[in-house]
Number of protein chains: 2
Amino acid sequence: MTAEHGARAALMRAADVGDIIMGRLVAQYGAQGAVEAVRARALPPEFAAKEAQQERPPDLTARLNAWHVRLSAANPEADIEAGAVSGARLIIPGSPEWPTQLDHLGPSRPLGLWVHGTADLRFSCLKSVAVVGARAATAYGAHVAAEFGVGLSESGWTVVSGGAFGVDGAVHRGALVADSPTVVVLACGVDVCYPSSHDTLFAAARKQGVVISECPPGVHPTRARFLIRNRLIAALSRGTVVVEAALRSGALNTAAHALSLHRHLGAVPGPVTSAQSAGCHRLLRDRKAICITSPEEMIDLVGVLGDDLASQSRAPAVARDKLSEPTRRVLDAVPARGGAGPASIAVAAGVGMDATISALGGLAAAGYIERTANGWRLRKQLTAYPKAPESAVLDPPPTPEHTDPTQDLPFPDDNLFGPG
Amino acid sequence: MTAEHGARAALMRAADVGDIIMGRLVAQYGAQGAVEAVRARALPPEFAAKEAQQERPPDLTARLNAWHVRLSAANPEADIEAGAVSGARLIIPGSPEWPTQLDHLGPSRPLGLWVHGTADLRFSCLKSVAVVGARAATAYGAHVAAEFGVGLSESGWTVVSGGAFGVDGAVHRGALVADSPTVVVLACGVDVCYPSSHDTLFAAARKQGVVISECPPGVHPTRARFLIRNRLIAALSRGTVVVEAALRSGALNTAAHALSLHRHLGAVPGPVTSAQSAGCHRLLRDRKAICITSPEEMIDLVGVLGDDLASQSRAPAVARDKLSEPTRRVLDAVPARGGAGPASIAVAAGVGMDATISALGGLAAAGYIERTANGWRLRKQLTAYPKAPESAVLDPPPTPEHTDPTQDLPFPDDNLFGPG
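- Identification of chain A as DNA-protecting protein DprA from Nonomuraea cypriaca is taken from an unreviewed UniProt entry.
- Under Sequence similarities (unreviewed entry), UniProt gives the following word-for-word description of chain A: "Belongs to the DprA/Smf family."

Right under this line is the structure:
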């Protein structure tokens, strides 16, 4: 844990999630600068002057007081300690695991993310689709959501959604059934199970994917947190598809975030007699969303023309020589046949356990390795390519055209593998 | 019956429906000129020369021979006599009842139309919507079609469709239940009942609306006739809505005609798990059709902004002073209270029985009169307007803005009430 982690953990207690004034303060003075200013109850005069020129100038004094009171009560070391005990990690902008597409959120970019699970968040979201919809899903909506979870996963796309009943739960279950990582974005602390009957689901998601939140540990969900959470679901993924939504539904809020972020938006039609499809039909009618009737059509929308759909390629999405040093060592330690557990791979690679688990998640999401009943092993090469000798795993695997992994991503300025 | 009627009835026997070469021949030399040329087996040389310059020049000799043989066997007087006996009338371009929006079909405009029923075809189609879809409709599709039949009718819109099982039948039944005219477009003679179990339905449609066809009496349906018939359904109405359609469905053919005629096109979504909605979803996905979930949304699409939807107005669509002389006399003879049968109205108006029936249908479609259990009577004025004294029925009824009835029609060059 660095001082930056501590400062951000403190600010995550001080400011509400998505507080754009805090976002601008941190952007200009750094997290530690912001902490100092809040502690001293004195904002830099030039910052205050600029905020006063906003179209709707905030009540800076009140805001600063609120931050100050909360910051005084915050104990970031205890938060990080509690996270570590429960198995969660705090990632911040600049962390190797940070999904840089979140930068598109501007001042509402989260200050940090609590991540709990074996997958690497950044890798998992490289090719990801948000599947959202009604809590009060119909049997039809739950069926379609599960099909999308299975179908997207089987084509190598990670599913991102909330943790609610209905569509959220169904799509995660589909991804888990397909033995794929899944990304659950909560509106409460990652150690809080809401809804509580989803404890088994969240445990499975942590085992195979990640459960994440921008709320500090122990924080309970509120309506406002659900709405502000939705921007993360939209921003993490290349596109959002709404499976079922009534005319007033939180899923439409996620859809609006996707549109404002210029991400792709799809809507699944349903019977016109179903109120739970009325929101989807409104999106289609207003031509805000594309009509999506299958996972393939969603991949067609968010994928790369001639790559994702035409070939249904499962070749690694990222060139081997772009991998970070520890990730490459982990990859070299993964057996081609049989399988190995994370512990033996960590030993063979000479990389720490946490870093190994993170690298394994990333390598799986990027298509290099797969999880079997016997543990991790190298993924079989596509039959379209000449069968490689076993030593070939040390060479870059055959990535059809795009050795530059950024070229098929709609997230600009994303150097994929970060500083790691 | 005029010589023009006879010539066209003969040509309708000689040429296949939708024969565009015959269409061009008649356009240039008139129906009687075309009959003479076919009888003499000699096309005008300049016509033949021009046809030879078409991108795919037709085999004119073969075509002329076919026409000649069939014309020799034709007996137009017998056709018209048979029609009259069965109760059908032949209308041709220039007839007061001819829907001039069919002119948009260019050379494939029908040579004439056999019309059987009490309604006036032209009046009925002034504000009309084609509702089409799968023969093998699901319970969902049949339900939605019936709802559209009722809803469109209750808002003063006439339904146009084929006579098939499934969506066609359901939408007509909805219109009939709403006690409104309906337009059934057959791909066989109007005296042929196909499918035969629709005899009751067609009888009801004749009583309240019209059953029409461009095929001469006695002609049986073929696949080609169904497809060419679809252009009439699209051309008669201001817009087409597809309720259910598989990926290969005749309804999509009607949709293509509507698009090529620049008419509005809507598609009703359904469950993505239903193959009978896949064609609708394709239209939505390709952004060829607007997503339509209710009759109101279809009216919003084809209607006049601020008139048809905003007010849900049931005011007459056509100004009284634009009515033809006999229609005006019939209108003056319709009582304001109680009701009167066509026979007593005909006597009071001093207009023949056939013309009276036709005028009544037209006046009902245009919103002037309504059918009650006691017969025809003037429609109650909108409550939004001051209650008019009874003598006010002799003045033009209050038509909100548009005294020019052509202004809310997408059919250009349409002088609505023809030469009558």
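Quick look at the overall build of chain A
- Each helix and strand in chain A was counted, giving 16 helices and eleven strands.
- By residue count, 55% of the 420 residues in chain A fall in the buried class.
- Relative to all contacts within chain A whose residues are 6 or more apart in sequence, the contacts with residues 24 or more apart total 73%.

Focus on the relation of the copies chain B and chain A
- For these two chains of identical sequence, chain B goes onto chain A by a turn of 180° and a shift of 0.0 Å along the axis, with RMSD 0.2 Å. Here the two chains are linked by the operation of a two-fold rotation axis. Nearest to the rotation axis, the C-alpha of B:Gly270 is located 2.3 Å from it, this being the minimum over chain B.
- By residue overlap, the copies meet face to face through one surface: 100% of the interface positions of chain B are interface positions in chain A.

Overview of unusual backbone geometry
- Going from A:Tyr194 to A:Pro195, the amide bond is cis rather than trans, its omega being 0°.
- For A:His262, which is not glycine, the phi torsion reads 60° and is therefore positive.
- Here A:His262 lies in the loop between α11 (250-260) and β8 (264-267).
- For B:Arg41, which is not glycine, the phi dihedral falls at a positive 55°.
- Summarising the element assignment, B:Arg41 is placed in the loop between α2 (20-39) and α3 (45-52).
- Using a relative accessible area of 43% as the deciding quantity, one classes B:Arg41 as partly exposed.

Remarks on the interface of chain B and chain A
- Taken together, the contacts link 20 residues of chain B with 20 residues of chain A.
- When the two sides are added together, the surface that chain B and chain A hide from each other amounts to roughly 1,800 Å², 62% of it contributed by carbon and sulfur.
- The three residues of chain B that bury the most area against chain A are B:Val272, B:Arg285 and B:Arg287, which together make up 41% of that side's buried surface.
- The interface formed by chain B and chain A holds four salt bridges in total.

Some remarks on the packing of aromatic side chains
- By the definition in use, this model includes four aromatic pairs over all chains.
- Taking 6.1 Å as the distance between ring centres and 80° as the angle between the ring planes, the aromatic pair formed by B:Tyr29 and B:Phe47 counts as edge-to-face. Of this pair, B:Tyr29 sits in helix α2 while B:Phe47 sits in helix α3; the two residues are 18 residues apart in sequence, bridging distant segments of the chain.
- Its relative accessible area of 28% is what places B:Tyr29 among the partly exposed residues.
- Taking the centre distance of 6.0 Å and the plane angle of 55° together, the rings of B:Tyr194 and B:Phe226 count as tilted. Of this pair, B:Tyr194 sits in the loop between β5 (182-185) and α9 (199-208) while B:Phe226 sits in helix α10 (residues 223-236), and the two are 32 residues apart along the sequence.
- Overall, the relative accessible area of 43% leaves B:Tyr194 in the partly exposed class.
- Between A:Arg135 and the ring centre of A:Phe226, over which it is positioned, the NZ or CZ distance is 5.7 Å.

Points about the pairing of strand β2 (residues 113-117) of chain B
Residue and element names in this part refer to chain B.
- For β2, a buried count of five out of five residues is recorded, marking the element as mostly surrounded by other parts of the structure.
- Here β2 shows two buried faces, one formed by Leu-113, Val-115 and Gly-117 and the other by Trp-114 and His-116.
- Taken together, the three bridges between strand β1 (residues 89-91) and β2 define a ladder with antiparallel strand orientation. Each bridged residue has a counterpart across the sheet, and for Ile-91 the counterpart in β2 is Leu-113.
- Across four bridges, β2 lies against strand β6 (residues 210-213) in antiparallel orientation. Counted as the bridge partner of His-116 is Val-211 from β6.

Remarks on the environment of A:Ser213
Residue and element names in this part refer to chain A.
- Position of Ser-213 relative to the elements: it lies in strand β6 (residues 210-213).
- A relative accessible area of 0% means that Ser-213 is categorised as buried.
- Put simply, Ser-213 and Leu-186 are 27 residues apart on the chain and 5.1 Å apart in space, counted from C-alpha to C-alpha.
- With near-sequence residues (within four places) excluded, Ser-213 lies in contact with Leu-113, Trp-114, Leu-186, Cys-188, Gly-189 and Val-190.
- One polar contact links the side chain of Ser-213 to the main-chain amide nitrogen of Cys-215, over a distance of 2.8 Å.

Some words on the environment of A:Phe202
All names here are of chain A.
- With respect to the element layout, Phe-202 can be found in helix α9 (residues 199-208).
- When its relative accessible area of 2% is taken as the criterion, Phe-202 is described as buried.
- In this view, Phe-202 contacts Gly-163, Val-184, Leu-186, Cys-193, Tyr-194 and Val-211; residues no more than four positions away in its chain are not counted.

Overview of the packing of helix α14 (residues 325-333) of chain B against helix α15 (residues 342-349) of chain B
Residue and element names in this part refer to chain B.
- Contact pair α14 / α15: the axes reach a minimum separation of 8 Å and the direction vectors enclose 115°. Here α14 lies roughly perpendicular to α15, going by the angle between them. Between α14 and α15 lies a crossing whose hand is right-handed. On α15, the residues touching Arg-329, Val-330 and Ala-333 of α14 are Ile-345, Ala-348 and Ala-349.
- Class assignment for the residues of the contact of α14 with α15 results in five nonpolar, no polar and one charged.

Structural notes on the sheet that holds strand β3 (residues 128-132) of chain B
- With respect to topology, nine strands assemble into an open sheet ordered β1-β2-β6-β5-β4-β3-β7-β8-β9 (chain B), the strand pairing being mixed. The open sheet has two free edges, formed respectively by β1 and β9 (290-291) of chain B, since each of these has just one partner strand.

Quick word on the pattern of salt bridges
- Across all of its chains, the model carries 26 salt bridges over all chains by this definition.
- The partner of A:Arg285 in a salt bridge is B:Asp300, with the nearest N and O atoms 3.4 Å apart. One end of the pair, A:Arg285, is in helix α12 (residues 278-285); the other, B:Asp300, is in helix α13 (residues 295-302), on a second chain.
- In this structure, the salt-bridge partner of B:Glu370 is B:Arg377, at a minimum N-O distance of 3.1 Å.
- One network of salt bridges, in which partners are shared, links A:Arg285, B:Glu297 and B:Asp300.

Conventions used here
- Residues numbered from 1 in each chain as written.
- Chains lettered and ligands numbered in written order.
- Predicted model: local features only at pLDDT ≥ 70, side-chain atom pairs only at ≥ 80, totals over all residues.
- Heavy atoms only, no water.
- UniProt positions renumbered as here; feature names shortened; annotations may be inferred.
- Helix = DSSP H or I, 4+ residues; strand = E, 2+ residues; numbered from the N terminus.
- Buried < 20%, exposed > 50% of the residue type's maximum accessible area, 1.4 Å probe, protein only.
- Contact = heavy atoms within 4.5 Å.
- Least-squares fit on C-alpha atoms with pLDDT ≥ 70 in both.
- Buried area = accessible area lost by both parts, 1.4 Å probe.
- Salt bridge = Lys/Arg side-chain N within 4 Å of Asp/Glu carboxyl O.
- Phe/Tyr/Trp six-rings, centres within 6.5 Å; stacked < 30°, edge-to-face > 60°.
- Lys NZ or Arg CZ within 6 Å of the ring centre and 35° of its normal.
- Pairing = 2+ DSSP bridges.
- Polar contact = N/O pair within 3.5 Å; in protein donor to acceptor, adjacent residues only side chain to side chain.
- Axes fitted to C-alpha atoms, helices over the stretch in contact; angles between N-to-C directions.
- Parallel < 35°, antiparallel > 145°, perpendicular 65-115°, else oblique.
- Left-handed = near helix turned anticlockwise from the far one by under 90°.
- Nonpolar A, V, L, I, M, F, W, Y, C, P; charged D, E, K, R; others polar.

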